[in-house]
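Survey of secondary and tertiary structure
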Amino acid sequence: MRRHGGWVAFASTLAVFGLLGVAIVNAPNWPAVQNSFFNSVRFDDALPDVAWAFRRNIELFVLAEVLVLCLGLVVAVMRSLPGPVFLPIRLLATAYVDIFRALPGVLVIFYLGLGLPALRIPGVPNDPFFWGLVALTLIYSAYVSEVYRAGIESVHPSQEAAARSLGLTRAQAMRFVVLPQAVRRVIPPLLNDFIGLQKDTVLVSFIGVVELFRTAQIKQAAAFNFTPYLAVALVFLVITLPLTRLVDWLVARDRRRSVAGGRP
Amino acid sequence: MTVDRGATDAGMATTPARPALRIEGLVKSFGPLEVLKGVDLEVAEHEVVCLIGASGSGKSTLLRCVNLLEPIDAGRIEVAGEEITAPDVDVDRIRRGIGIVFQAFNLFPHLRVLDNVTLAPRKVLQRPRDEAEAAGRALLRRFNLEDKALEYPDRLSGGQQQRAAIVRALAMEPRLLLLDEVTSALDPELIAEVLDVVRELARGGMTMLIATHEMGFARDVADRVAFLDAGRILEIGPPAQVLGEPREPRTRQFLQRVVAAGRL
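These lines cover the structure that appears in this document, whether it is placed above or below.

Cut-off values and rules
- Numbers given to residues run from 1 along each chain, matching the order in which its sequence is written.
- For naming, the first written chain is A and the first written ligand is 1, with later ones following in the order written.
- Thresholds applied to this predicted model are a pLDDT of at least 70 for local features of residues and 80 or more for the giving and counting of side-chain atom pairs; totals over whole chains, interfaces and linings are not thresholded and use all residues.
- Under the scheme used here, helices are H or I runs from DSSP no shorter than 4 residues and strands are E runs no shorter than 2 residues, and both carry numbers assigned from the N terminus.
- Between the two quantities, the radius of gyration covers C-alpha atoms and the globule rule is 2.2 Å times the number of residues to the power 0.38.
- Residues with at least 20 neighbouring C-beta atoms inside 10 Å of their own are called buried, those with 12 or fewer are called exposed, and the rest are partly exposed, where every C-beta is derived from the backbone.
- By definition, residue pairs are in contact when their C-beta atoms, positioned from the backbone, come within 7 Å.
- An expected span of 1.5 Å times one less than the residue number is assigned to each helix.
- Strand pairing follows a simple DSSP-based rule, namely that at least 2 bridges must link the two strands.
- Axis definition: a line fitted to C-alpha atoms, over the contacting stretch in the case of helices. Angles run 0 to 180 degrees between N-to-C directions.

A separate point is the overall build of chain B. From N to C terminus, chain B includes nine helices and ten strands. Relative to the globule expectation of 18 Å for 264 residues, the C-alpha radius of gyration of chain B, 18 Å, shows essentially globular dimensions. Dimensions along the principal axes, computed over C-alpha positions, put chain B at roughly 55 × 50 × 40 Å. Expressed as a percentage of its 264 residues, the buried residues of chain B come to 45%. Nonlocal contacts in chain B, meaning residues at least 24 apart in sequence, comprise 65% of its contacts between residues at least 6 apart.

The following block contains the structure:
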C-alpha cells in the first residue's frame, strides 16, 4: 500500500509540474523571456564570477552569525534581569529590540553605511563591508535575542529554584542551569533566523559592497540581460536548502521527543 | 565545610541546646491570600519534625520560606542562632547550609546524575572536580545509585530520581535538610525506597523538617509531629500523641479523612 501511494504521489507531482512547465513554455512571449532570463550563454559566463563573489557574502554572514549569537544572548539576559534596580537596563534592551525589529533592514544598512561615514569623524571607518556587518548584526541580534528569551522563559522556574537552593548565585544558576537548557531548545528557531540573515547579506550591495548580487547586477547592466540573477538564485538554493531541511528535521525530532515524554 | 555559627546570645542560656531552627511569628502572603498566619516552631539539633496537614495548609510555603526561596512578610527565622531573615544577610551563603528536596525532584535534565550532584560543590564551594566527583560517587554508592552516576536523569525511575535529588542536597553537607512531600509524585511501589533513605538519614542524626502525607512514615521517623491548619501550627507533640490521641478536633477530623483515604 505504501509503495502504491508513493507512485501516486510521484505521478501527480510530475503531472502538476509538467503542466506548469508546458504552460510557461507555450506562453506567447516565452522566447523573448527565455532569452533575457534563462540564456545559457549568459549563465555560463556569469556563474563563475557570481559564485566567486559569494565568498564576500559567506564572510559577512559567518562573522555576523558569531556576533549575533553573542550580542543576542547579552540582550536577552539584560531583558531577563529581575527587580527595579535593573529597570533602566531592561528599558534600554527593550527599546533596542523594538526599534530594530520595526525598521526595514535596508534602512538600517543605508543609515549606517552611508550616513555614519559621511560625518567624517576621525577614526570612524568608511568601509561599506564593515558597516554592512554592523547593520546586519544589529538587526538580527534583535530577533535572536527574542528567540533566546523565549528559550530562557521556557525553562521552568523550579529549575532556578533548585539551583539557588544549593547556594548557586543568580548568575551561576543562569550560566550552569537555565542557559544550557534554553539554548538547546532554541537551536531550530535560531537556525531559521540565520537563513534569513544569509539571504539578507545581498542588501549590503546597496551601500557598495561588491558581493554576489552586486556582481550579478554589474553583469546584467553590461549585457542588458537578466540571466546572471539566475546564478544568484542557484547559489542561494544550494546553500540554503540543506539548512532548511536540517531545521525541519531538528523541529520534527524535538516534537517526537516531547511526545515520547523525553527530557523536559 | 566550616560552619559559621555566629555569636552565642547570653539570653539563650536558659535553653539547654541552641535549636537548629527557630521560627517566630512567621507570616507569608501571596497577594491578598495569607498562607502562613504566624507560625512558631523550633527544631533541635538532630531532631526530625514532620509537618502534616491538608493540601494548601502552608507546609510547602513554610519550607520554601526557611530556604529563603520566598521572602517573608513578618516574623523571623533563625538557623543555628543566626537570623537568616535579616535584611543584610547573604542569602547564597545561608542556602549553602540548608538543603531542600522538592516534590518534583527538580533534577537538572541536561546534566548527568554525577554532575547534578557535584555542580554546587564545584561552583559554590570551589572544590576541584576530582575531589567533588570522588565525594559524589561515595554518596551515590551509599544510596545504591553508583551505577547511575553517568546516566541522565530521564533514564532513572522516579524513586531513583528522588534519591539522586536527596544525594544532590547532601553533597553540600547541609546542617538542616528540608523535605517537601518527597514521595507525593511517586508511584506507590517507589515510595518505600525513598522513605528508607530518609529513615537512614534520621538514624545518622540529620536535622530534618519534613512535609509529608505519609502518616505511617511520620509516626516512625519523627521525633515530633506538627499539624498545620490554615496557616497555623494547631498541635505539636510526639507522633504517638498527635497521630494517636490528637487533642484538637481539627486534627482528629484531618486524621479521619486520611484514614478514610487509606493513607494511615
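The subject of this paragraph is unusual backbone geometry. Trans is the prevailing form of peptide bonds, just as negative phi is the prevailing case for residues other than glycine. Residues and elements named next belong to chain B. For asparagine 106, which is not glycine, the phi torsion reads 55° and is therefore positive. Tracing the backbone shows asparagine 106 in the loop between strand 6 (98-101) and helix 3 (113-123). Note on asparagine 106: 23 C-beta atoms within 10 Å, which makes it buried. Although it is not a glycine, glutamine 126 adopts a positive phi angle of roughly 60°. On the secondary structure map, glutamine 126 appears in the loop between helix 3 and helix 4 (129-142).

With 31 residues, helix 8 (residues 170-200) of chain A should cover 45 Å at 1.5 Å per step; its first-to-last C-alpha distance of 37 Å lies more than 12% under that length. Here helix 8 of chain A has its buried residues at A:Ala173, A:Met174, A:Val177, A:Val178, A:Gln181, A:Ala182, A:Val186, A:Leu190, A:Phe194, A:Leu197, A:Gln198 and A:Asp200.

Turning our eyes to something else, we now look at the sheet that holds strand 7 (residues 176-180) of chain B. Across a sheet, strands are paired by hydrogen bonds formed along the backbone, either parallel or antiparallel in direction. All names here are of chain B. With mixed pairing, six strands are arranged side by side in an open sheet as 6-7-8-3-9-10. The sheet terminates laterally at strand 6 and strand 10 (232-237), the two strands that pair on one side only. In this sheet, neighbouring strand axes are inclined to one another by 20° on average, regardless of whether the strands run parallel or antiparallel. In the sheet, strand 7 pairs with strand 8 (residues 208-211) via four bridges, with the strands oriented parallel. Each bridged residue has a counterpart across the sheet, and for leucine 179 the counterpart in strand 8 is isoleucine 210. The strands that helix 1 (residues 59-66) touches are strand 3 (48-52), strand 6, strand 7, strand 8 and strand 9 (224-229); relative to strand 8, the one it contacts most, it runs at about 150°.

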